[in-house]
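Each chain is listed here by its residues.
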Amino acid sequence: MAHLGLVGIGVMGSAFALNLAENGHDVSMLDRTKDKMSAVAHEATTAGLRGALSGFLDPKEFLSSLLTPKTVLILVPAGGPLDAVIASLKPHLSRGDILADLGNSNWEETERRGADLDPFGIRFLGMGISGGADGARHGPSIMAGGSPDSWSALEGPLKDAAATFEGEPCCAWFGPGGSGHFIKMLHNGIEYADMQLIAEAYGLMRDGLGMDAAATGDVFEGWMNGPLNSYLIEIAAEVCRASDPKTGNAMLDMIHDAAGQKGTGRWSVIEALHLGAATSMMVAAVEARNISADWDARQAFEERFGSGAGKLSDDRSVFLKRLETAMLAAKVGAYTQGFNVLARASDTFGWGLDLAAIARVWRAGCIIRSVMLDEISDAFEANPGGDLAQAPIFAERLASGATSLRETVVAGISANHAMPSFGAALNYYNLRRTGRGTANMIQGLRDRFGAHSFERIDDRGVFSNGPWHRSD
Ligand code: 6PG
């Protein structure tokens, strides 16, 4: 009999099963495909883990192989496939059994699934796991939410399998309902913003400074020695330097420039807008991917209006130094926005999220892991729920990086580069530091056309109308 069941042995599922086995846990696996089962068995044998894994093709037999309460991890594509798996298991489950969805599910669907299973006494957890197949195999970052009393059954094995940062597992339960999947969604939203900043920096180097892919890789590698040290910068250097085995050209130059997306970035933006939280850097990243995918239209547009992205007149080494500082300031903007969305969701849904703990589980294993996340966890520990941009270390980076951010955006925009993400960071900074803004005009217009009323600066808290509504 096994303590844990795992449904779905695709790339992530099989890697995670092997990881659990390696950490001393017996796992029963369920999949519809015999071939996949044989492939995992082969890998398990090679890794000396054969005895820890058993494969099943039938849900009832699979569940009979588990100890009570039956605890099942599900790693299948979100949406319909997940619902189909739950429906196939449900008739064979009893009160107290536990299902945990480890896919990239929409957090509201997680809430719905939990509520549907609740009357049957089946406990449901929604968890984000980050780190790709490599992470699943050797230590992902795990963000759990849902049924609190079921966490104790899973906490041990999941912490054994998770990545660690200075000995601390990057795995935690954060709150009820869909909160785990909400946190994973925001992780991905931030991932989108980080990647868009990297792509824009690459574009400035490639088209503005005429650097080849390998040279841009050297720049990213150099950034690894400073505060931008992160997994995404590390792999950016690797992607820039790789050669295409087919042509011998830089691999990057052979990749079609149309970005895919599965939806978590878009969901992050939609949720942030619902919550009334600023998220311009993620919006910029999602929209840049949308426009990139409209490839044919871009070719026609270039023919009609001429190409953007011209040469920069700046000295290369001066520009690159400034770009690194600008990147850091922009990154502060992206993380401030991301954590503000999490704080807003926590207040709105009553989740009681611990922002420092979220930053802690993102320090290793996940795609956005970076030295900055360690600094972020310290900042939230010192001031829980505070505004990240005002934490001393980040306020200092913004204050000292703002000029570089502005000069980088001005130089890029002047040479017709599209810089939606850097531009969003600069606008976010400028909007937030403008004590006297221009929303008095918005309020005046709203009142003029719709009598929506406004507060006067000499009578705050009292709403009145402008003179344009007088009939005399
Ligand atoms: C991770 C990744 C992972 C995946 C996303 C992003 O944390 O391991 O974020 O979840 O790569 O699905 O996918 P898209 O870029 O396709 O939206």
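Here, every reference points to the structure presented above.
Summarised in this report is the structure supplied together with it. Just so it is clear, the structure is predicted and the values come from calculations on it, not from any experiment.

Let us look at the overall build of the chain. Looking only at helices and strands, the chain features 19 helices and 12 strands. Its C-alpha atoms give the chain a radius of gyration of 25 Å, near enough to 23 Å, the size a compact globule of 472 residues would have. Its C-alpha atoms put the chain at 80 × 70 × 45 Å along the principal axes. In the chain, buried positions account for 51% of the 472 residues. Within the chain, counting contacts between residues at least 6 apart in sequence, those at least 24 apart form 70% of the total. Side chains of the chain give 41 positive and 56 negative charges; the mean places of these two sets differ by 3 Å.

Let us now look at a nonpolar patch on the surface. Together, M441, L445 and F449 give the surface a local cluster of nonpolar side chains, amounting to about 370 Å² of exposed area. Tracing the chain through its elements places F449 in helix α19 (residues 439-450).

What follows deals with helix α18 (residues 420-432). The end-to-end C-alpha distance of α18, which contains 13 residues, comes to 18 Å, matching closely the 18 Å that a straight helix rising 1.5 Å per residue would cover. Along α18, the residues that are buried comprise S421, F422, G423, A424, A425, L426, Y428 and Y429.

Alternating residues of strand β1 (residues 4-7) divide into L4 and L6 and G5 and V7, and every residue in both groups is buried. Assessed by its sense of winding, the connection that carries the chain from β1 through helix α1 (residues 11-22) to strand β2 (residues 27-30) is right-handed. The pairing of β1 with strand β4 (residues 71-74) spans 3 bridges and is classified as parallel. By the bridge assignment for β4, L6 is matched with L73.

Strand order in this open sheet of 8 strands is β3-β2-β1-β4-β5-β6-β7-β10, and the pairing throughout is mixed. Because the sheet does not close on itself, it has two edges, and the strands there are β3 (53-56) and β10 (171-175). Here the strands of the sheet are splayed against their neighbours by 25° on average, with no regard to which way each runs. Docked against the sheet, helix α4 (residues 80-89) engages β1, β2, β4, β5 (98-101) and β6 (123-130), running at close to 160° with respect to β4. Here helix α8 (residues 179-208) sits on the sheet and contacts β5, β6, β7 (141-146) and β10; the angle it forms with β6, its principal contact strand, is near 15°.

So, about the packing of aromatic side chains. According to the stated counting rule, one finds 12 aromatic pairs in the structure shown. Ring geometry for W107 against W351: centres 5.4 Å apart, planes inclined by 90°, an arrangement best described as edge-to-face. Placement of the pair is W107 in helix α5 (residues 107-117) and W351 in the loop between α14 (316-349) and α15 (355-361), with a sequence separation of 244 residues. In this structure, W107 and W351 share a single accessibility class: buried. Taken together, the ring pairs connect W107, F182, F349 and W351 into an aromatic cluster. The ring of Y192 has R289 sitting right over it, with the charged end atom 3.5 Å from the ring centre. Between R304 and the ring centre of F305, over which it is positioned, the NZ or CZ distance is 4.7 Å.

Our next topic: the site of the ligand. Near the ligand you find 14 residues, and of these N104, S130, K184, E191 and Y192 are the closest. Interatomic distance of 3.1 Å between a side-chain N/O atom of N188 and an oxygen atom of the ligand. Contact with the protein chains removes 80% of the 410 Å² of surface that the ligand exposes when unbound.

Once that is clear, we can look at the pattern of salt bridges. Inspection of the entire model under this criterion finds 23 salt bridges. Of the charged contacts in the structure, one is a salt bridge between D458 and R456, with a shortest N-O distance of 2.8 Å. Given the relative accessible area of 56%, D458 is considered exposed. Each of D83, E109, R112, R113 and D116 takes part in a single network of salt bridges with overlapping partners.

This part is about the side chain of S230. Secondary-structure assignment places S230 in the loop between α9 (213-223) and α10 (231-241). For S230, a relative accessible area of 4% translates into the label buried. Residues contacting S230, with those up to four places away along its chain left out, are M224, K331, R369 and S370.

Counting residues in hydrophobic clusters, the biggest one holds 93 residues, and the most contacted among them are F339 and W362. Considering every element that reaches this core, the biggest residue donor is α14, with 15 residues. With sequence-adjacent residues up to four places away left out, W362 is seen in contact with S141, M143, I183, H187, I190, F339, L342, I368, R369, S370 and L373.

The buried fraction of β6 is high, at 8 of 8 residues. In β6, alternate side chains face the same way, and those of R123, L125, M127 and I129 on one face and F124, G126, G128 and S130 on the other are all buried. Direction of pairing for β5 relative to β6: parallel, over a ladder of 4 bridges. In the strand pairing of β6, D101 is matched with G126. Remark: the β5/α5/β6 crossover connection has right-handed handedness.

Thresholds applied
- Residues numbered from 1 in each chain as written.
- Predicted model: local features only at pLDDT ≥ 70, side-chain atom pairs only at ≥ 80, totals over all residues.
- Heavy atoms only, no water.
- Helix = DSSP H or I, 4+ residues; strand = E, 2+ residues; numbered from the N terminus.
- Rg over C-alpha atoms; globule rule 2.2 N^0.38 Å.
- Buried < 20%, exposed > 50% of the residue type's maximum accessible area, 1.4 Å probe, protein only.
- Contact = heavy atoms within 4.5 Å.
- Lys, Arg positive; Asp, Glu negative; His and termini not counted.
- Charge placed at Lys NZ, Arg CZ, Asp CG, Glu CD.
- Patch = residues over 30% accessible without salt bridge, like charges linked within 9 Å, V, L, I, M, F, W, Y side chains within 5 Å.
- Areas by Shrake-Rupley, 256 points an atom, 1.4 Å probe, with all protein chains shown as cover.
- Salt bridge = Lys/Arg side-chain N within 4 Å of Asp/Glu carboxyl O.
- Expected span 1.5 Å × (residues − 1).
- Right-handed = clockwise from strand over helix to strand, strands pointing away.
- Pairing = 2+ DSSP bridges.
- Axes fitted to C-alpha atoms, helices over the stretch in contact; angles between N-to-C directions.
- Phe/Tyr/Trp six-rings, centres within 6.5 Å; stacked < 30°, edge-to-face > 60°.
- Lys NZ or Arg CZ within 6 Å of the ring centre and 35° of its normal.
- Near = heavy atom within 4 Å.
- Polar contact = N/O pair within 3.5 Å; in protein donor to acceptor, adjacent residues only side chain to side chain.
- Core = buried A, V, L, I, M, F, W, Y, C linked by side-chain atoms within 4.5 Å.

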